[in-house]
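Observations on the three-dimensional arrangement
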Amino acid sequence: MSSGNKIFDMMEKYLLGPMSKVASWRIVRSIMAAGMASIPFVIVGSMFLVFNVLPETFTFLEGFFNETVFRVSDLYMLANKASMGLLALYFGLVVGYEYTRIYAEEEELNVSPISGALLSMFALFMTIPQIVIEDGSMTLVNQINEDTAIIHGWEMVEDGVSRLGASGIFSAIIMAVLAVQLYRLCVKRNWVIKMPESVPSGVANAFTALIPAFIVAIAVLLINGILVAFGTDIFKVIALPFGFVVNLTSSWLGIMVIYFLIHALWIVGIHGANIIYQGFLFPIVMSNLQSNADGANIPFAGEFQNAFVVIGGSGATLGLVVFIAFLARSKQLKVLGKAAVVPGIFNINEPLIFGLPIVYNPFLAIPFFVAPMATASIAYWTIELNLVQPIIAMMPWPTPAGAGAFISTGGDYMAILVALICVVVAFLIWLPFIKMYDNKLVVQEEGGESVL
């Protein structure tokens, strides 16, 4: 046990401490808020996309859909275009709002979250049009051919304006940070127009944001103008480093690192999925989700983790909770299992993590790490090798095993089978450890001393 304690001490020192600090950063908290706020719209938009591809799975419906439903597909698919097609806008607005709100509360600044959101959107929209230098003048791009439709700088794709979709999320975040920081600087330096106290707060906030809006405009236009002179623009420059990160998370090794870190945080009592997935990776899985909807084959997209990897909750514990609820010999485990089995079906397993406990338990830490890394490998390679369709739709994360995989992949029966295989494989990894842990508890309950 002493060696186990040393490992936990190292994890607390080198992982828990730094990651806790990162999670407390204002921008990380703002991105997490943006991810959570966008989920309802992404799920609703995804459901219309799934509806649109149903005849690909249920082929007997194809003729009926062609004669009826697909006649109004352009209408109902507006719900998808207004969600997935505008993800950058959702992120920019919410990050700007939350980032400003946090500064207003924690630094007691007289900044308006609404103004912060609008300044962020203002900055983002200035990065959308494409500009080039022709004959010594900066000119909005106009290019229309079979593959491209750029009108007055605005590139149009099937989902709408290309740079407002998932590919623009990172630009939206960076522009929100820039806009809010300039807004904050102006307020702290009193570079604002102050109105009498008798003026309504809404009017006062509008005038307070006037000078910051000028400064945001000048800063963004100046940066973009310099970059255009070098043959690029803000959007393309921001896309480069984030594109590299996206490529890393699309590799098997990258996914292994992700799930190791998520569970390393959980094992020391920190919600790893919230910090790693919601705080850092959500914009990436949304971008990958849109790419898959457009024809790509990226495993790590949408609710990949709840559809295949952590079925039952972090640690992939669905089989485990069923075992301890109905087959465990220990009274303690039986009571815990029966209390946790229903939440476990819906991918909620905090009762197990803190009740077994798994947290700070060196014995159960082994399967807690290994099981999700095994299920992630199975899911990754079955999608990578085209045995299962890639994830094209966002599902609610508590969707039970099999159903979530089926919905996420647009109705692929093989996804159900792979999800169930993941449940079985994870359980087989847990089985020897939970049986030995069960025996230990039985000995303790009978008044003996455990050998573990």
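Residues numbered from 1 in each chain as written. Predicted model: local features only at pLDDT ≥ 70, side-chain atom pairs only at ≥ 80, totals over all residues. Heavy atoms only, no water.

Some words on the overall build of the protein
- Secondary structure summary: the protein contains 20 helices and six strands in total.
- In terms of its C-alpha atoms, the protein occupies a principal-axis envelope of roughly 85 × 60 × 45 Å.
- For the protein, the proportion of its 452 residues judged to be buried stands at 51%.
- Restricting to contacts in the protein with at least 6 residues of sequence separation, those with at least 24 account for 73%.
- Of the roughly 20800 Å² of accessible surface on the protein, a fraction of 68% belongs to carbon and sulfur atoms.
- Averaging the positions of the 20 positive and the 29 negative side-chain charges in the protein gives two centres separated by 13 Å. (Helix = DSSP H or I, 4+ residues; strand = E, 2+ residues; numbered from the N terminus. Buried < 20%, exposed > 50% of the residue type's maximum accessible area, 1.4 Å probe, protein only. Contact = heavy atoms within 4.5 Å. Areas by Shrake-Rupley, 256 points an atom, 1.4 Å probe, with all protein chains shown as cover. Lys, Arg positive; Asp, Glu negative; His and termini not counted. Charge placed at Lys NZ, Arg CZ, Asp CG, Glu CD.)

Considering the packing of helix 12 (residues 252-267) against helix 13 (residues 272-293)
- In contact at an axis separation of 7 Å, helix 12 and helix 13 are set at 140 degrees when each is read in the N-to-C sense. When the axis of helix 12 is compared with that of helix 13, the two are oblique. Residues Ile258, Leu261, Ile262, Leu265 and Trp266 of helix 12 form the contact with helix 13, whose participating residues are Gly272, Ala273, Ile275, Ile276 and Leu281.
- For the contact of helix 12 with helix 13, the residue count by class is nine nonpolar, one polar and no charged. (Axes fitted to C-alpha atoms, helices over the stretch in contact; angles between N-to-C directions. Parallel < 35°, antiparallel > 145°, perpendicular 65-115°, else oblique. Nonpolar A, V, L, I, M, F, W, Y, C, P; charged D, E, K, R; others polar.)

Re the pattern of salt bridges
- With the rule as written, the count across this model stands at eight salt bridges.
- Taking the shortest distance from any N to any O, the salt bridge between Glu106 and Arg26 comes out at 3.0 Å. Of this pair, Glu106 sits in helix 6 (residues 87-106) while Arg26 sits in helix 2 (residues 26-57), and the two are 80 residues apart along the sequence.
- The class of Glu106 is partly exposed, set by a relative accessible area of 41%.
- Note on Arg26: relative accessible area 25%, which makes it partly exposed.
- Put simply, Asp233 and Arg163 hold a salt bridge, and the shortest N to O gap is 3.1 Å. Remark: Arg163 occurs in the loop between strand 6 (160-161) and helix 8 (169-188) and Asp233 occurs in the loop between helix 10 (210-229) and helix 11 (234-249); sequence separation between them is 70 residues. As far as the burial class goes, Asp233 and Arg163 line up, both buried.
- Counted as one network, the salt bridges with shared partners bring together Arg26, Arg29, Glu106, Glu107 and Arg184. (Salt bridge = Lys/Arg side-chain N within 4 Å of Asp/Glu carboxyl O.)

Some words on the confidence of the model for the protein
- Averaged over every residue, the pLDDT of the protein is 91; residues scoring 70 or more account for 96%.
- Averaged pLDDT values for the elements of the protein fall to 69 in helix 1 (residues 2-23) and rise to 97 in helix 7 (residues 113-125). (pLDDT = per-residue confidence, 0-100.)

A short note on unusual backbone geometry
- Cis geometry marks the peptide bond from Leu356 to Pro357; its omega dihedral reads -5 degrees.
- Structurally, Pro357 can be placed in the loop between helix 17 (350-355) and helix 18 (362-384).
- Look at Asn190: it is not a glycine, yet its phi comes out positive at around 60 degrees.
- Structurally, the position occupied by Asn190 is in the loop between helix 8 and helix 9 (201-208).
- One non-glycine residue with positive phi stands out, namely Ala316, at about 55 degrees.
- By secondary structure assignment, the location of Ala316 is in the loop between helix 14 (304-309) and helix 15 (318-326).

Things to note about the environment of Leu227
- Mapped onto the elements of the fold, Leu227 is located in helix 10.
- In this structure the C-alpha to C-alpha distance between Leu227 and Val237, which are ten residues apart in sequence, comes to 8.4 Å.
- Ignoring sequence-local partners within four residues, the contact set of Leu227 consists of Thr232, Asp233, Ile234 and Val237.

Here's the deal with a nonpolar patch on the surface
- Side chains of Ile193, Met195, Val203, Phe207, Leu210, Phe214 and Ile218 sit close together on the surface and give an oily, nonpolar patch of about 590 Å² of accessible area.
- Only helix 9 and helix 10 provide two or more residues apiece to the nonpolar patch.
- No other element matches the three residues that helix 10 contributes to the nonpolar patch.
- Structurally, Met195 is set in the loop between helix 8 and helix 9. (Patch = residues over 30% accessible without salt bridge, like charges linked within 9 Å, V, L, I, M, F, W, Y side chains within 5 Å.)

Describing the packing of aromatic side chains
- In the structure shown here, the tally under the stated rule is 23 aromatic pairs.
- When the ring of Phe41 is compared with that of Tyr90, the centres are 5.2 Å apart and the planes differ by 25 degrees; the resulting orientation is stacked. Highlighted residues: Phe41 in helix 2 and Tyr90 in helix 6, separated in sequence by 49 residues.
- Using a relative accessible area of 43% as the deciding quantity, one classes Phe41 as partly exposed.
- Given the relative accessible area of 25%, Tyr90 is considered partly exposed.
- An aromatic cluster is present here, built from Phe48, Phe51, Phe64, Phe65, Phe70 and Tyr76 joined pairwise through their rings. (Phe/Tyr/Trp six-rings, centres within 6.5 Å; stacked < 30°, edge-to-face > 60°.)

Quick word on the packing of helix 6 against helix 7
- Close contact between helix 6 and helix 7 brings their axes to 7 Å; oriented N to C, the two are set at 140 degrees. As far as their axial angle goes, helix 7 and helix 6 are oblique. Here helix 6 and helix 7 pass one another in a crossing that is right-handed. Together, Ala88, Leu89, Gly92, Leu93, Gly96, Tyr97, Thr100 and Arg101 of helix 6 and Pro113, Ile114, Gly116, Ala117, Ser120, Met121, Leu124 and Phe125 of helix 7 make up the contact between the two elements.
- Of the residues belonging to the contact of helix 6 with helix 7, the class tally is ten nonpolar, five polar and one charged. (Left-handed = near helix turned anticlockwise from the far one by under 90°.)

Digging into the pairing of strand 1 (residues 131-134)
- Note: strand 1 against strand 2 (residues 137-140), four bridges, orientation antiparallel. When the bridges of strand 2 are listed, Ile133 appears paired with Met138.
- Taking the residues that link successive antiparallel strands as the turn, the strand 1-strand 2 hairpin has two residues, and the phi of Asp135 there is positive, at about 55 degrees. (Pairing = 2+ DSSP bridges.)

A closer look at the environment of Arg29
- Locating Arg29 in the fold gives a position in helix 2.
- Spatially, the C-alpha atoms of Arg29 and Phe280 are 9.9 Å apart, while their sequence positions differ by 251 residues.
- Residues in contact with Arg29, not counting those within four places in the same chain, are Ala23, Ser24, Ile102 and Glu106.
- At 2.4 Å, the side chain of Arg29 and the side chain of Glu106 are in polar contact. (Polar contact = N/O pair within 3.5 Å; in protein donor to acceptor, adjacent residues only side chain to side chain.)

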